[in-house]
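Chain by chain, the residues run as shown.
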Amino acid sequence: MKIEMKGINKSFGTNQVLKNAGFVLEDGEVHALMGENGAGKSTLMKILTGVYTRDDGTVIVDGEEVVYKSPQEAEKAGIVFIYQEINSLFDMTVEENLFMGKEITKGFGIVDKKAMRAKAQEVMDKMGVSIPVDAVMGELSVGQQQMVEICKALMVDAKVIIMDEPTAALTQSETEGLFEVIESLRKKGVSIVYISHRMEEIFELCDRITILRDGTYIDTKYIKDITMDDVVQMMIGREIGERFPKRDVKIGDEVLRVEGLTKNKVFHDVCFSVRAGEVLGVSGLMGAGRTEIMQSIFGNLSRESGKIFIDGEEVTIKNPRQAIAAGIGFVTEDRKTEGLLLEKSIAENIEIANLKKVSSKGVLNKKKQDEIVKQGIEEFRVKCFGPWHECNNLSGGNQQKVVLAKWIYTDPKILILDEPTRGVDIGAKKEIYDVINQLAAKGVAVIMVSSELPEVLGMSDRIMVVHEGTVTGIIDAADADQAKVMTLATGGSL
Amino acid sequence: MEKNKKSIGAFIGEYGAFLALVLLVIVISCVSPEFRTASNFLNLLRQASFNGLIAFGMTCVILSDGIDLSVGSTFALSAIICAELIMDGVPAGLAILISLLAGTALGVVSGVLVTKGRLQPFIATLITMTAYRGLALIITNGKPISRLASSIESESGSFLFKVLGKGNLVFGPNEMFSIPIPAIILVVALLIFYFVLHHTTFGRRIYATGSNAKCANLVGVNTTGVKISVYAISGFMSALAGLIMISRVDSAQPTLGEGYELDAIAAVALGGTSMSGGRGKIVGTLAGVLIIAVLNNGLNILGVSTYYQEVIKAIVILVAVLSDRKR
Ligand SMILES: Nc1ncnc2c1ncn2[C@@H]1O[C@H](COP(=O)(O)OP(=O)(O)OP(=O)(O)O)[C@@H](O)[C@H]1O
Ligand SMILES: [Mg+2]
């Protein structure tokens, strides 16, 4: 299927987010769409599939001009969208989600459970994932939910599949599984639009690439004709310099020590420490228990045993309030359900974590509020229309910046970052790394959980690797490389 | 933090309930000369005060993503407690205080059921609603307690009790202004709620809890505490409304306040507060309360049969809520 989008304009209210955007998708190609957070990639695709209506411009599919009025209509025409935001019914099972709206029936509306189960299993097997089809969606990890979303798209006989940051929450092996599927889809002549901020993936996978900047079409190139630096240059319009900025920080005394942290079947005898000004990278496969360990340290997840010491003294942390009082900040991995008040403004999100700072005796102080919010938006370069901008309508990467901003002003002694750069563009990643370095320079002990190996290797002083709930090794970043970390992460030893 | 630029649509969305209110008042005023008298408006305010006070508490509960069905029963039970104490010769001031505390405690019970008991707010307060009504019936043996004011021995106590529901604040040259005390209490309550919800950290915590309790908890908001507090507030406000009621009618009966929860919820909904929490304004609730009061009062004056009144009210609520959703 060939799709041509030309001269697309789109405004939300008075704010124009697409100006003369577009691209051409050829039959059976994997086409990357790149651009900074908020460049309008997701919006452009949502216009194609009828989620939003365009103000201007044309969409031509196989030579005919079309306007899809709803995603269902686009799906009938063979265009399927795997959204960046997980779009599931969290109270229902995997199988029910897969077949939502397209149940197999025996007639008279009676569902054929057996047939659906078999079909669901078949698709899962093809993807090489092992998620029980009768598991409740809400109880799966973000990565697993993402896999189900992808499977959902494969259930229909699609001619075009749009993947909006599909790997943001996937493990290495899940990602490999996905790439194999994409390869076989390509061979079948299915076209794929692939949106991602991971440069390596784009260069491994895609045939062509289209760049958007500030809602405007910039250029389309064959991947083989360009370099990563060219892409960055086109995306941002400026150089960003080194990808992982160096930091020159004298590492101080131990700030946090964890001893014998244990939760049945989740993690076992976890011991580690972090020092002032140090960045401890935490690596491991998805589901290894990294997030759970951090949640437990933060008091949001109960545990059977274990001690936590801050500045050498044992502290009791049974809930997040105690953790915050002890000087811990926690950027959770799931910004949608845990990180943000989505329907609230940027200002309210920053303020809620800093209520003490923006008030005196329980009464809010408008001046302090405005100050801290303005600082947050400027320092993190949140792309928005103002402090009142609802977080729901921010692009994914900008949402992440808001989450970071709200924690940083709490002046934590220890900051735990769980996947801090997920879904964040290259330029913004660099900005987040700079912030991490600044914090380290101020003497904050930083723990950074990440599934992106280059990031862990590039940013950490030491790397702790977790496998199935146990720490398999803590190595100095200077001696670490991809192979060593992967060995530990899969349960091997060095 | 407010948006800088507002479109006309957004303006109507935000103040729709007030526009509806003004429209209603104009229409009924045109048809009925009786309606548009100052004394009727004051009377209307007095009538609105019961629902208003309850609805303010309800707004906090709904903002925190809860609901309180027990307000009508709390209203009755705390009023009965006050009445019984007065009949037992307890000084009126103390009886009033105890009654307010009792209402607060009854709210705390609902809050604890919701948080520690992990019951859905609807179910938890359905339980307390039923239980409190039952208690009210048990205490009174199902019979009304009447002639309260004359049972109070001390003069000042009797005055205090009477002034709550029947009093007027009289002022101006030749005492030309006379405002019912319940209306004044309503306005003071409005100011307090407005301040708390929009200018204090506690207000922020209520909104955050209703918006996304998980996230709020992770940034250090004691969501359990917030939830218990809002039910306590709701209980307190119900008790306050109950006291004004028994002062006004000079008697208390266990069936007081039946169905009041529905009027309160309707007022909150009319005012544009989201039923799933996190969004809404106290002034909207005031508009909702006044709309319901104007309808009740106006339709009565116009001589519309009570059967039709209900249907008309339903239609107005439907229209208002639907137009609110178009934002
Ligand atoms: N429903 C909406 N209402 C108002 N503004 C919106 C809405 N949806 C998106 N926007 C704005 O449009 C711009 C483009 O957003 P979009 O989600 O398309 O970016 P993106 O390129 O996909 O970014 P990311 O890489 O972060 O996902 C952003 O500035 C965003 O704030
Ligand atoms: Mg996007």
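Quantities reported herein were computed from a predicted structural model and do not represent experimental measurements.

When two helices pack together, their arrangement is given by the angle between their axes and by how far apart the axes lie. Residues and elements named next belong to chain B. The interhelical angle for the contact between helix H2 (residues 38–63) and helix H7 (residues 181–199), taken along N-to-C directions, is 20 degrees, at an axis separation of 8 Å. Considered as vectors, H2 and H7 are oriented roughly parallel to each other. Crossing hand, H2 versus H7: left-handed. Across the interface between the two elements, Leu 45, Arg 46, Ser 49, Gly 52, Leu 53, Phe 56, Gly 57, Cys 60 and Leu 63 of H2 pack against Pro 182, Ala 183, Ile 185, Leu 186, Ala 189, Leu 190, Phe 193 and Leu 197 of H7. Looking at the contact of H2 with H7, its residues break down into 13 nonpolar, three polar and one charged.

For the rest of this paragraph, the subject is the sheet that holds strand E8 (residues 191–195) of chain A. Residues and elements named next belong to chain A. Taken in spatial order, the six strands make up an open sheet running E6-E7-E8-E3-E9-E10, and their pairing is mixed. Strands at the two margins of the open sheet, each flanked by one partner only, are strand E6 (79–82) and strand E10 (216–222). The average angle at which neighbouring strand axes cross in this sheet is 15 degrees, direction not considered. With five bridges joining them, strand E7 (residues 160–164) and E8 adopt parallel strand pairing. Residue pairing across strands places Asp 164 opposite Ile 195, the latter belonging to E8. Of the strands in this sheet, strand E3 (30–34), E7 and E8 are in contact with helix H6 (residues 172–187), which crosses E8 at around 145 degrees. Each of E3, strand E9 (208–213) and E10 is contacted by helix H8 (residues 228–236), which is oriented at about 30 degrees to E9, the strand it contacts most.

Residues spaced three or four apart along an α-helix face the same direction, because each turn holds 3.6 residues. All names here are of chain A. Here helix H15 (residues 426–441) is 16 residues long and its end C-alpha atoms lie 22 Å apart, about the 22 Å a rise of 1.5 Å per residue gives. Residue Asp 425 occupies the N-cap position of H15, its side-chain oxygen lying 2.9 Å from the main-chain nitrogen of Gly 427. Just downstream of H15, Gly 443 is the residue with a positive phi angle, here 95 degrees.

Secondary-structure assignment places Ser 273 of chain A in strand E12 (residues 267–275). In this structure Ser 273 of chain A touches Glu 254, Leu 256, Arg 257, Glu 278, Leu 280 and Arg 462 of chain A, once residues within four positions along its chain are discounted.

As a further point, take the confidence of the model for chain A. Looking at chain A as a whole, the pLDDT averages 89, with 100% of positions reaching at least 70. When pLDDT is averaged over each element of chain A, strand E20 (residues 445–449) of chain A comes out on top at 96 and helix H5 (residues 142–155) of chain A at the bottom at 82.

All names here are of chain A. Taken together, 20 residues surround ligand 1, and among them Asn 37, Ser 42, Thr 43, His 197 and Asn 393 come closest. Taking Gly 40, its main chain carries an N or O atom lying 2.9 Å from an oxygen atom of ligand 1. Between ligand 1 and Tyr 52 there is a distance of 3.3 Å, counted from a nitrogen atom to a side-chain nitrogen or oxygen. Isolated, ligand 1 exposes 640 Å² of accessible area, and the fraction of that covered by the protein chains is 91%. Looking at the shell around ligand 1, the elements with two or more residues in it are helix H1 (41–48) and helix H14 (396–408). At three residues, the largest contribution of residues to the shell around ligand 1 is made by H1. Among the residues making up the shell around ligand 1, the classes are represented as five nonpolar, twelve polar and three charged. The two domains that each donate at least three residues to the shell around ligand 1 are domain 1 (3–236) and domain 2 (254–489).

Moving on to the domain arrangement of chain A. Residue and element names in this part refer to chain A. Under the domain assignment, chain A is made up of domain 1 (3–236) and domain 2 (254–489). On a C-alpha basis, the centres of domain 1 and domain 2 stand 29 Å from each other. With 24 residues of domain 1 at the interface, the matching set in domain 2 holds 21 residues. When domain 1 packs against domain 2, close to 1800 Å² is buried across both sides, 60% of that on carbon and sulfur atoms. The tally of links from domain 1 across to domain 2 stands at two salt bridges. Among the ionic pairs, Arg 198 bridges to Glu 452, the shortest N-O distance being 3.5 Å. At the surface where domain 1 touches domain 2, the tally comes to two residue pairs in polar contact (both at pLDDT 80 or more). Among the elements of the structure, strand E2 (15–25), H5, helix H7 (199–205) and H8 are those that each provide at least two residues to the side of domain 1 that touches domain 2. Ranked by residue count, the leading element in the side of domain 1 that touches domain 2 is H8, at three residues. Broken down by class, the residue content of the side of domain 1 that touches domain 2 amounts to nine nonpolar, nine polar and six charged.

Each value, and the rule that gives it
- Residues numbered from 1 in each chain as written.
- Chains lettered and ligands numbered in written order.
- Predicted model: local features only at pLDDT ≥ 70, side-chain atom pairs only at ≥ 80, totals over all residues.
- Heavy atoms only, no water.
- Axes fitted to C-alpha atoms, helices over the stretch in contact; angles between N-to-C directions.
- Helix = DSSP H or I, 4+ residues; strand = E, 2+ residues; numbered from the N terminus.
- Parallel < 35°, antiparallel > 145°, perpendicular 65-115°, else oblique.
- Left-handed = near helix turned anticlockwise from the far one by under 90°.
- Contact = heavy atoms within 4.5 Å.
- Nonpolar A, V, L, I, M, F, W, Y, C, P; charged D, E, K, R; others polar.
- Pairing = 2+ DSSP bridges.
- Expected span 1.5 Å × (residues − 1).
- Polar contact = N/O pair within 3.5 Å; in protein donor to acceptor, adjacent residues only side chain to side chain.
- pLDDT = per-residue confidence, 0-100.
- Near = heavy atom within 4 Å.
- Areas by Shrake-Rupley, 256 points an atom, 1.4 Å probe, with all protein chains shown as cover.
- Domains from an automatic or database assignment.
- Buried area = accessible area lost by both parts, 1.4 Å probe.
- Salt bridge = Lys/Arg side-chain N within 4 Å of Asp/Glu carboxyl O.

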